[in-house]
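Coordinates in review
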Amino acid sequence: MTADRLPDEIKGVMENGVPVILATCSSDGIPNATIISQVYYVDPNTVAVSFQFFNKTSRNVRENPHASLCLNDLLTSNKWLLQVEYDHSETAGPIFETMDMHIEAIASATGMSGIFKLKAADIYRVKSVEKLAGN
Amino acid sequence: MATPLDKTLLEQLQQELAQKSEEVRVLRQMSSEVNATLNLDEIYAAVLGTMYDLFGFHHSLILLLDDSAETLRVVASRGYKDPAVGAKAPLGVGVIGTVARRRKMMRVGNLSQSRSYAAAVRSEMAHSDQADELEAVPELPGLPDAESQIAIPLLIKDTLVGVFAVESAERKVFTERDETLVSVVANLSASAIHNALLYKKQEEYSQSLAEKVEERTRQLAGRNKELEHTLEELKETQNQLVIQEKMASLGNLVAGVAHEINTPLGVLNSNNDTLSLTVKKMRQLLEDWPAEGEVKQADKVRDLLRSMNSLTEFNGMAAERMIKIVTGLRTFARLDRAAEDEVDIHEGLESTLSLIHNQLKDRVTVHKDYGDVPPIRCHPSRLNQVYMNLLVNASQAIAGKGEIQLKTFATENDVVVEITDTGEGIPAENLGRVFDPGFTTKGVKVGTGLGLSIVQRILDEHDGKIEVESKVGRGIDIPRIPASSPGQSAEILNIALFRARSQTA
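The rules behind these values
The residue count restarts for each chain, going from 1 along the sequence in the order it is written. Whichever chain is written first becomes A and whichever ligand is written first becomes 1, with later ones labelled in order. In keeping with the model being predicted, local features are shown solely for residues with a pLDDT of at least 70 and side-chain atom pairs are shown and tallied solely at 80 or more, while totals for entire chains, interfaces and linings include all residues. Only runs of H or I of at least four residues qualify as helices and only runs of E of at least two qualify as strands under DSSP, and these elements are numbered from the N terminus. Any residue whose C-beta has 12 or fewer other C-beta atoms within 10 Å is treated as exposed, any with 20 or more as buried, and any in between as partly exposed, C-beta atoms being built from the backbone. In this description, any two residues whose backbone-derived C-beta atoms lie within 7 Å of each other are considered to be in contact. Charged residues are taken to be Asp, Glu, Lys and Arg, nonpolar residues to be Ala, Val, Leu, Ile, Met, Phe, Trp, Tyr, Cys and Pro, and polar residues to be all remaining types, Gly included. Note on method: axes are straight lines fitted to C-alpha atoms, helices fitted across the in-contact stretch only, with angles between N-to-C directions ranging 0 to 180 degrees. By definition in this entry, angles of less than 35 degrees are roughly parallel, angles greater than 145 are roughly antiparallel, angles of 65 to 115 are roughly perpendicular, and the rest are oblique. Each helix crossing is assigned a hand: it is left-handed if the near helix lies turned anticlockwise from the far helix by less than a right angle, otherwise right-handed if that turn is clockwise. Remark: nonpolar core denotes a set of buried Ala, Val, Leu, Ile, Met, Phe, Trp, Tyr and Cys residues whose joining runs through C-beta atoms within 7 Å. Here pLDDT means the predictor's own confidence in every residue, given as a number from 0 to 100. When DSSP finds two or more bridges between a pair of strands, those strands are recorded as paired.

The secondary structure content of chain B amounts to 11 helices and 14 strands. Within chain B, the fraction of its 505 residues that count as buried is 32%. Considering only residue pairs separated by 6 or more positions, chain B has 66% of its internal contacts joining residues 24 or more positions apart.

Structure below.
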């Protein structure tokens, strides 16, 4: 089942946190996949992805805004595939603040305050959403 | 008429309405409870109880910001094996610390996943050149394996008071609705906690103020007592100065009188001797002189000579008595001796007895038991004052006729003077006060109450001591009046120990 907007039930999946896989591609067609720590539900057409370490991902989406997100629902084992398009990055504001707070809470509790830092909240437009049944 | 679908929807809506009504009721009840008391423990119990009763949340914590404003401390908890009251959560560390620092609520539902991700990154970094950037994992209050958590800052006008948190070891337990309800509870309890804290601080401040006032009052009372004591000492010193001045004047007077009387006394004594000799010679001449017819006349002359002889004998006795008194006065005042001297204590005792002879003569018999006592280095006139005061006390303690026992002896290091009288003694309750300045049992017109105080002061100056024993009805015991001598030589070290004793005959 494919939809062009995010259903409500995906909010809980996003709250699950990692693992979320983000796949991007450079302008010359070289793909890259990485695990990211947080995807934040902004509205039915928008998600925010945490930008912490991944310089290659960041460079890719600025060259080629098309990307894919794979979310794993750990409770149901369902997977969600999102086709998204990079829109812009935010380094302040409520979305950034909320994501930054979450990262700070986890990082400080695990002795990683100096390492886990949110550089930006990358805002993506949702193009399509597909729910895949789990195993 | 409602269709079956409408009916189901209606029932569902009715259920939701009933649930919300129940929630509102419980929240109102909790609000009433927390606002009806200023007792923090009661507020904590109401809030944590509501979490359990209304929402079924088993684990909840209330943390308050401590005075440093850098750390939260657990003040109450529910559902934990270890209540961990007092456990710290630094600001900016963990979910609770971050909520406190940001003053924004937070709801998380899959903490173990985030922790696992962090642990994986940490493990990789530990084996890389970035290992130095890793920090120690802090120990935080709450469930160590918490999966879901809602943490809400307790705010009063943007000022952080603490954090209220609920948590669970299960994933995604808390919904947006829970978040809203917990927020309502937190907001309701924040002002109640804040008010109770203010009240507690006010009470502590009042208590502290009361304690400070009490302490200060105690200090002032102590200072007042010290001042009273100092005043007493000053009065005593002043009295002693007056007495010393009087004694000095008396000494001068005695010296003057003794000198003035001594010369005519000498003349009188000498003339009396000459007169006695002359009478004796005349008597011898008369033995050869009377011729017949003149015998009657010679008998008359003999009678006159006998009378003259008697008179000269009486004159001689009177003159000797006066000389003894004058000598006693001179010895007592020690004006012919240095201020500090090596003296025989018996000399001082004898001169003192001479001076108070009039008080004793027909009433009090003095028994002397003088031992073999070495001379001591002392201020003779000061020690004479000691003898005078003690002997006068002993004499005055005897109503009617009685006895005074005067005994001296030497121990290894001390000289002891023991004065015992057959007076009435001192009641036990007064025994500890006899050396207090102003204490007297003689009546205001008889005693100044300074006698024994002066004795003690003088003996203190001589490194000596005085001891008193007494039993009412059995006489006064003043057993030890020791006095060692300042600056004395080694062979007479600490030999001045005086003892006065009084007991019934």
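On to the overall build of chain A, then. Helix and strand counts for chain A come out as 3 helices and 8 strands. When the helices and strands of chain A are placed in sequence order, the string is β-α-β-β-β-β-α-β-β-α-β. Out of the 135 residues belonging to chain A, those deemed buried represent 39%. Taking the contacts inside chain A whose residues are at least 6 apart along the sequence as the reference set, 70% of them involve residues at least 24 apart.

Residues and elements named next belong to chain B. Looking at where L72 falls in the secondary structure, it is placed in strand 2 (residues 71–78). In this structure the C-alpha to C-alpha distance between L72 and P90, which are 18 residues apart in sequence, comes to 5.9 Å. If we skip the residues at most four places from it in the chain, L72 touches L63, L64, L65, A89, L91, I96, G97, A100, G162 and V163.

It is worth spelling out the interface of chain A and chain B at this point. Taken together, the contact between chain A and chain B spans 22 residues of the former and 29 residues of the latter. Listed by contribution, the elements that provide at least two residues to the side of chain A that touches chain B are helix 1 (9–15) and helix 3 (94–109) of chain A. Of the residues forming the side of chain A that touches chain B, the biggest block, 7 residues, is contributed by helix 3 of chain A. For the side of chain A that touches chain B, the residue count by class is 11 nonpolar, 9 polar and 2 charged.

One can describe the packing of helix 3 of chain A onto helix 3 (residues 94–102) of chain B by two numbers: an axis separation of 8 Å at closest approach and a directional angle of 135°. Put simply, helix 3 of chain A runs oblique to helix 3 of chain B. Note on packing geometry: the crossing formed by helix 3 of chain A with helix 3 of chain B is right-handed. Counted together, M101, E104, A105, S108 and A109 of chain A of helix 3 of chain A and G94, V95, G97, T98 and R102 of chain B of helix 3 of chain B form the full contact between these two elements. A per-class count over the contact of helix 3 of chain A with helix 3 of chain B returns 4 nonpolar, 4 polar and 2 charged.

Attention now goes to the packing of helix 7 (residues 345–355) of chain B against helix 9 (residues 380–397) of chain B. Residues and elements named next belong to chain B. Here helix 7 crosses helix 9 at 50°, and the two axes come no closer than 9 Å. As summarised for this structure, helix 7 and helix 9 are arranged oblique, according to the angle between their axes. The two elements helix 7 and helix 9 cross, and the hand of that crossing is right-handed. Between helix 7, through G348, L349, S351 and T352, and helix 9, the contact on the second element is made entirely by P380, L383, N384, Y387, M388 and L391.

On to the nonpolar core. All names here are of chain B. With 84 residues, the main nonpolar core has V47, L63, I96, A151 and V163 as its most contacted residues. With 9 residues, the single largest contributor to this core is helix 5 (residues 176–288). Among all residues touching L63, those that are not within four sequence positions of it are L72, R73, V74, V75, A89, I96, G162 and V163. The next biggest cluster of nonpolar side chains, apart from the first, holds 30 residues, and it includes L406, V415, V455 and I466.

Close inspection of predicted coordinates is inappropriate in any region flagged by low pLDDT. Residue and element names in this part refer to chain B. Per-residue pLDDT for chain B averages 79, and the proportion of residues at 70 or more is 84%. Between residues 474–505, whose pLDDT stays under 50, and residues either more than four places distant or in other chains, the model counts 137 contacts. Interface confidence for the predicted complex, given as ipTM, is 0.83, next to a pTM of 0.54.

Next up on the list: helix 3 of chain B. Among the 9 residues that make up helix 3 of chain B, 8 are buried, leaving the element largely enclosed by the rest of the structure. All of the buried residues along helix 3 of chain B are G94, V95, I96, G97, T98, V99, A100 and R101 of chain B.

It is worth spelling out the environment of V47 of chain B at this point. Residue and element names in this part refer to chain B. Along the chain, V47 turns up in helix 2 (residues 40–55). Distance from V47 to V185, taken between C-alpha atoms, is 7.2 Å for residues 138 residues apart in sequence. Setting aside its immediate chain neighbours within four residues, V47 contacts M30, V34, I62, V185 and S189.

Another aspect to go through is the sheet that holds strand 2 of chain B. Residue and element names in this part refer to chain B. The 6 strands are arranged 3-2-1-6-5-4 in an open sheet whose pairing can be described as antiparallel. The open sheet has two edge strands, strand 3 (88–90) and strand 4 (106–108), and neither has a second partner. Sheet twist, expressed as the mean angle between neighbouring strand axes with direction ignored, is 25°. Looking at chain direction, strand 2 and strand 3 are connected through 3 bridges and run antiparallel.

The subject of this paragraph is the pairing of strand 5 (residues 46–51) of chain A. Within strand 5 of chain A, 5 of the 6 residues are buried, which leaves it mostly tucked inside the rest of the structure. Where strand 4 (residues 39–43) of chain A hands over to strand 5 of chain A, the hairpin turn is made up of 2 residues, counted between the paired strands.

On to unusual backbone geometry, then. Residue and element names in this part refer to chain B. We note that A84 has phi near 55°; this positive angle belongs to a residue other than glycine. Topologically, A84 is positioned in the loop between strand 2 and strand 3. Even without being glycine, R103 reaches a positive phi, approximately 55°. For R103, the location among the structural elements is in the loop between helix 3 and strand 4.

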